[in-house]
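# A look at the structure
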Amino acid sequence: MKRRSLLCASGAASLLAVSPFVRAQGSLQEFKFNLGWKVEASGAGFLLAQQRGYYKDAGVDVTIDTGNGSAAAISLVGGGAYDAASADLSSMIEFNLANPQVALKAVAMQYDLNPNAVIVRKDGPIKKPADLAGKSILGQPFNASRKLFPVFAKAQGFDPSGVKWENATPDIGDTRFVKGDFDAVAYFFFTGLLNLQSRGMGPEQLTVFRFSDHGMKSYGNGLVANPKVMSKSPDVLKAFVKASTRGWIECIADPKAGAAAVKAREPLANETLEFERLKLIVDGTMKTPDTQANGWGAATTARLQGTIDETVAAFNLKSSPTVAEFWTDQFLPTAVERRLKT
């Protein structure tokens, strides 16, 4: 009887340790998250955390929905439809200045290096960024790469005003670029490369001008949270960020597992393609000196200020927020829990 009691007590203690909100509330706490895009490798860490039960272990019942770009995801979080989303931080800063009563904040960094880029044909006339002056580029008005293009152009010493922007949906636009209808495409580099590869134009045929390689200091996407969840359910948000961090750390260590999680969520996904995309994301935005030093999700004051300065310049904003007005690290897990696997 003593042994049985000891085992029961031990099992109960384990449950309480991994599920604090189950203990406190008696049920899982609901949390709505927007991927900011369709189900693909850019959401692999969240999907892997859900597949492996990390959210439920933390006492959170997470609903993960697809999105239609950062601007739309930010508006949905700002309106309260979602507790958090993966979204471009420059777009969030712009939104906050236009809607000061909302006061969204980033609570973790997803992309330590900004993935915005312009992609051109390797055998074409554009050999350096300045050659883009006066050319035609695919990029919808809400596209972050298009919106940040003026900062990129300024850093490269050319006037961006002469560029002709082509507003076509990505599927149609990619096909038209392959056919030669315009000179370049503006995208997250891993989106553009894989989209074009699926249309028969491989990376060996392309040159990628990543903004982060040409003077841009801005962070890319972060986890953007609604102020209501930050103030009224801080433990729930902290549990979500911790479980998401674990999911991304495991994707970085094992991209195949991340691609499999994407496939499990979206049966029509091409698992091989998403594996390749995830490797691009991991190697190009996450395995950086800063992330190696500070862990996944962390940020530095210098880079945060750089993000503000470049956003204000790119979007021609009339005022500038402080770092504290758009970023907080209070929901990050410990440094040990953020550390990448060796």
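Structure report, in brief. (Residues numbered from 1 in each chain as written. Predicted model: local features only at pLDDT ≥ 70, side-chain atom pairs only at ≥ 80, totals over all residues. Heavy atoms only, no water.)

Turning our attention to the sheet that holds strand 10 (residues 221-225). Across the sheet, five strands lie side by side as 2-1-3-10-4; this open sheet has mixed pairing. The strands lining the two open edges of the sheet, one partner per strand, are strand 2 (60-65) and strand 4 (105-109). Neighbour-to-neighbour, the strand axes of the sheet open up by a mean angle of 30°, direction not taken into account. Pairing analysis gives six bridges linking strand 1 (residues 29-34) to strand 2, with the strands arranged parallel. (Pairing = 2+ DSSP bridges. Helix = DSSP H or I, 4+ residues; strand = E, 2+ residues; numbered from the N terminus. Axes fitted to C-alpha atoms, helices over the stretch in contact; angles between N-to-C directions.)

The next subject is the sheet that holds strand 9 (residues 206-210). Strands in a sheet are paired, the pairing made by backbone hydrogen bonds, and the direction either parallel or antiparallel. Reading across from one edge, 7-6-8-5-9 is the order of the five strands in this open sheet, with mixed pairing throughout. Among the strands making up the open sheet, the edge pair consists of strand 7 (164-166) and strand 9. Neighbouring strand axes in the sheet, compared pairwise and without regard to direction, differ in orientation by 30° on average. Taken together, the three bridges between strand 6 (residues 136-138) and strand 7 define a ladder with parallel strand orientation. For Ser136, the partnering residue across the bridge sits in strand 7 and is Lys164.

Right, let's talk about the pattern of salt bridges for a bit. Any two side chains of opposite charge can pair if their charged atoms end up close together. One pass over the structure, following the stated rule, counts 13 salt bridges. Measuring nitrogen to oxygen at the nearest pair gives 3.6 Å for the salt bridge that ties Glu276 to Lys279. Of this pair, Glu276 and Lys279 both sit in helix 14 (residues 271-286), three residues apart, which is roughly one turn of the helix. In this structure Lys279 comes out as partly exposed when scored by relative accessible area, which is 31%. Among the ionic contacts, a cluster of salt bridges with common partners joins Glu40, Glu274 and Arg277. (Salt bridge = Lys/Arg side-chain N within 4 Å of Asp/Glu carboxyl O. Buried < 20%, exposed > 50% of the residue type's maximum accessible area, 1.4 Å probe, protein only.)

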